[in-house]
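Geometric and topological summary
Below, each chain spelled out in residue letters.
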Amino acid sequence: MNTVIFRTIAPVIVSTMLVFSVYVCLRGHNEPGGGFIGGLIAASAIAVLGMASSAADARRALRFDPLSIAGVGVLLAGFSGMLSIFNGNPFMTSIWLYLNIGGSVVPFSTPLVFDIGVYLVVFGTIASIALALESEDGEDL
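Fair warning: this is a prediction, and the values are worked out from it, not measured in the lab.

Reading guide: rules and limits
- Residues numbered from 1 in each chain as written.
- Predicted model: local features only at pLDDT ≥ 70, side-chain atom pairs only at ≥ 80, totals over all residues.
- Heavy atoms only, no water.
- Salt bridge = Lys/Arg side-chain N within 4 Å of Asp/Glu carboxyl O.
- Helix = DSSP H or I, 4+ residues; strand = E, 2+ residues; numbered from the N terminus.
- Buried < 20%, exposed > 50% of the residue type's maximum accessible area, 1.4 Å probe, protein only.
- Pairing = 2+ DSSP bridges.

1. Digging into the pattern of salt bridges
All chains considered together, the criterion is met by 2 salt bridges. Put simply, Asp-57 and Arg-60 hold a salt bridge, and the shortest N to O gap is 2.2 Å. Separated by 3 residues within a single helix, Asp-57 and Arg-60 lie in helix α3 (residues 55–62), roughly one turn from each other. The partner of Asp-65 in a salt bridge is Arg-59, with the nearest N and O atoms 4.0 Å apart. By relative accessible area, Asp-65 is classed as partly exposed at 38%.

Dropping the structure here:
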């Protein structure tokens, strides 16, 4: 799209979608949502950015290749499952750590790490596909 209105409002839309995707990802292991839906929302934000400017500008805004982001997500999700093996439990058994931060208890768990890995895999894969579809004649493949 090449309208002035869309190019002007796109950064606001993209930033709102990215913040919402992180919120959905972080609350997902306790309630509906999680890494998959959060990754889809974030990839949609990158697609909107690509439509507003260009696929090359969206790739520059990411700073990393989307498929590299997906690869890091696969490693992170696999690592979260391996932690339980080192603890003497079966693969993918949840491990919880309760951190005292500023007078409140913050739970940190391997399901959260797994959700973040899934988030990165879905985001990287779908963003790569969206940017490849938006690029013009091999512009940035």
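2. A word on the pairing of strand β2 (residues 104–109)
Of the pairings in the sheet, the one linking strand β1 (residues 96–101) to β2 comprises 6 bridges and is antiparallel in character. Looking at β2, one finds that Leu-97 is bridged to Phe-108. The hairpin turn running from β1 into β2, its antiparallel successor, is 2 residues long, and Gly-102 in that turn takes a positive phi close to 60°.

3. Digging into unusual backbone geometry
Even without being glycine, Arg-63 reaches a positive phi, approximately 70°. Position of Arg-63 among the secondary structure elements: in the loop between α3 and α4 (66–86). Classification of Arg-63 as exposed rests on a relative accessible area of 74%. We note that Met-92 has phi near 70°; this positive angle belongs to a residue other than glycine. Topologically, Met-92 is positioned in the loop between α4 and β1. Among the residues examined, Met-92 registers a relative accessible area of 37% and is labelled partly exposed.

The values are spatial; any link to function lies outside them.
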